[in-house]
Amino acid sequence: MSHLHERTAFVTGGARGIGASTANVLHGAGMNVVIGDVLDGTQVADSLGSSARFEPLDVTDADSWRKALAQAENAFGPIDVLINNAGIVDFGGIESVTPARFRRVLDVNLMGTFLGIYCAADQLSRSGQGVVVNVSSTAGLLGYQGLASYVASKWGIRGLTKAAALDLSAKGIRVCSVHPGPIRTPMTEGIDDEVAANQPIARFGHPEEVAAMIRFIVTEATYCTGSEFIVDGGATTGIGLVETVADT
């Protein structure tokens, strides 16, 4: 928890939504922040000042990862924290989604998370206090109709988190997953508020609420690895459960 000003976080999908909120929250905690995204995250980085920067990143491409991480290290030294937040959703069930669409979601959500851990492991180990937070979803805890590729990818992230926590423990790297429920972001625009009406907390969540949990995992939950942290308004308690769409 001390010397946060000496730590650097790399946040994927940081140009908007949960990623942008996470960049703001971690920066507010005193960390350097690198925003990686296929979208332009310059505005978010500029708003945070000289201790933040934007790096173009295609999470499905290992070379793109290596270049962005090298730039991050050149600017701030080896990263201490990796937030694998980048993701996409594709509405389609088993019979309607095409193989190409299914594979695209897996490539971005699951393969992108793997590549991030794979490419950043060296820097994270050299930092001496490495932490990875993988943004999964309540769709990584339950099955949802009409979201076959998204559900598969988010369950994959959940399993990958546990495998990585075991594989990287010897390097002093903690790996955890966070599971948002319905969060109001650009990805969920147009989805009716009724989706969350029967939850114990009967509303969509805010990106800042997920970001607060991510900060807790990074700075406070120092005895946790392979753990799942749920931010869903009680949706997965089973009380009045309705179909929800999680956001990354």
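Everything that follows concerns the structure shown earlier in this document.
Residues numbered from 1 in each chain as written. Predicted model: local features only at pLDDT ≥ 70, side-chain atom pairs only at ≥ 80, totals over all residues. Heavy atoms only, no water.

Another aspect to go through is the overall build of the protein chain. Counting its secondary structure elements, the protein chain contains six helices and seven strands. Element order for the protein chain, N to C, with α for helix and β for strand: β-α-β-α-β-α-β-α-β-α-β-α-β. In terms of C-alpha radius of gyration, the protein chain reaches 17 Å, essentially the compact-globule figure of 18 Å for 248 residues. Along the first, second and third principal axes, the C-alpha atoms of the protein chain reach 45 × 35 × 35 Å. Counting only residues that meet the buried cut, the protein chain has 54% of its 248 residues in that class. Look at the contacts in the protein chain between residues 6 or more apart in sequence, and 69% of them connect residues 24 or more apart. Carbon and sulfur atoms make up 54% of the accessible area of the protein chain, which totals about 10,500 Å². The distance from the centre of the 17 positive side-chain charges to the centre of the 26 negative ones in the protein chain is 5 Å. (Helix = DSSP H or I, 4+ residues; strand = E, 2+ residues; numbered from the N terminus. Rg over C-alpha atoms; globule rule 2.2 N^0.38 Å. Buried < 20%, exposed > 50% of the residue type's maximum accessible area, 1.4 Å probe, protein only. Contact = heavy atoms within 4.5 Å. Areas by Shrake-Rupley, 256 points an atom, 1.4 Å probe, with all protein chains shown as cover. Lys, Arg positive; Asp, Glu negative; His and termini not counted. Charge placed at Lys NZ, Arg CZ, Asp CG, Glu CD.)

A word on a nonpolar patch on the surface. On the surface, Met-111, Phe-114 and Tyr-118 cluster together into a nonpolar patch covering about 300 Å² of accessible area. Considering the arrangement of structural elements, one finds Phe-114 in helix H4 (residues 99–127). You can call Phe-114 partly exposed: its relative accessible area is 33%. (Patch = residues over 30% accessible without salt bridge, like charges linked within 9 Å, V, L, I, M, F, W, Y side chains within 5 Å. Salt bridge = Lys/Arg side-chain N within 4 Å of Asp/Glu carboxyl O.)

Take the sheet that holds strand S3 (residues 52–56) next. Taken in spatial order, the seven strands of this open sheet run S3-S2-S1-S4-S5-S6-S7, and their pairing is parallel. Two strands close off the open sheet at either side, each with one partner strand: S3 and strand S7 (228–231). The average angle at which neighbouring strand axes cross in this sheet is 20°, direction not considered. As judged from the four bridges shared by strand S6 (residues 174–180) and S7, these two strands associate in the parallel manner. Within S7, the residue paired with Val-178 across the bridge is Phe-229. The strands touched by H4 are strand S4 (81–84) and strand S5 (131–135); relative to S4, the strand with the most contacts, the crossing angle is about 175°. Across the sheet, helix H5 (residues 148–167) lies against S5, S6 and S7, angled at about 160° from S6, the strand it touches most. (Pairing = 2+ DSSP bridges. Axes fitted to C-alpha atoms, helices over the stretch in contact; angles between N-to-C directions.)

Throughout the structure, instances matching the rule amount to eight salt bridges. The partner of Arg-53 in a salt bridge is Glu-55, with the nearest N and O atoms 2.7 Å apart. Note on Arg-53: relative accessible area 28%, which makes it partly exposed. Relative accessible area serves as the criterion here: at 7%, Glu-55 is assigned to the buried category. Glu-228 is paired through a salt bridge with Arg-158; the nearest N and O atoms lie 2.7 Å apart. Placement of the pair is Glu-228 in strand S7 and Arg-158 in helix H5, with a sequence separation of 70 residues. With a relative accessible area of 28%, Glu-228 lands in the partly exposed category. Linked by salt bridges that have partners in common, Glu-73, Asp-122 and Arg-126 make up one network.

This part covers H4. An ideal rise of 1.5 Å per residue puts 42 Å on 29 residues; H4 measures up with 40 Å between its terminal C-alpha atoms. With its phi angle positive at about 85°, Gly-128 sits one or two positions after the end of H4. (Expected span 1.5 Å × (residues − 1).)

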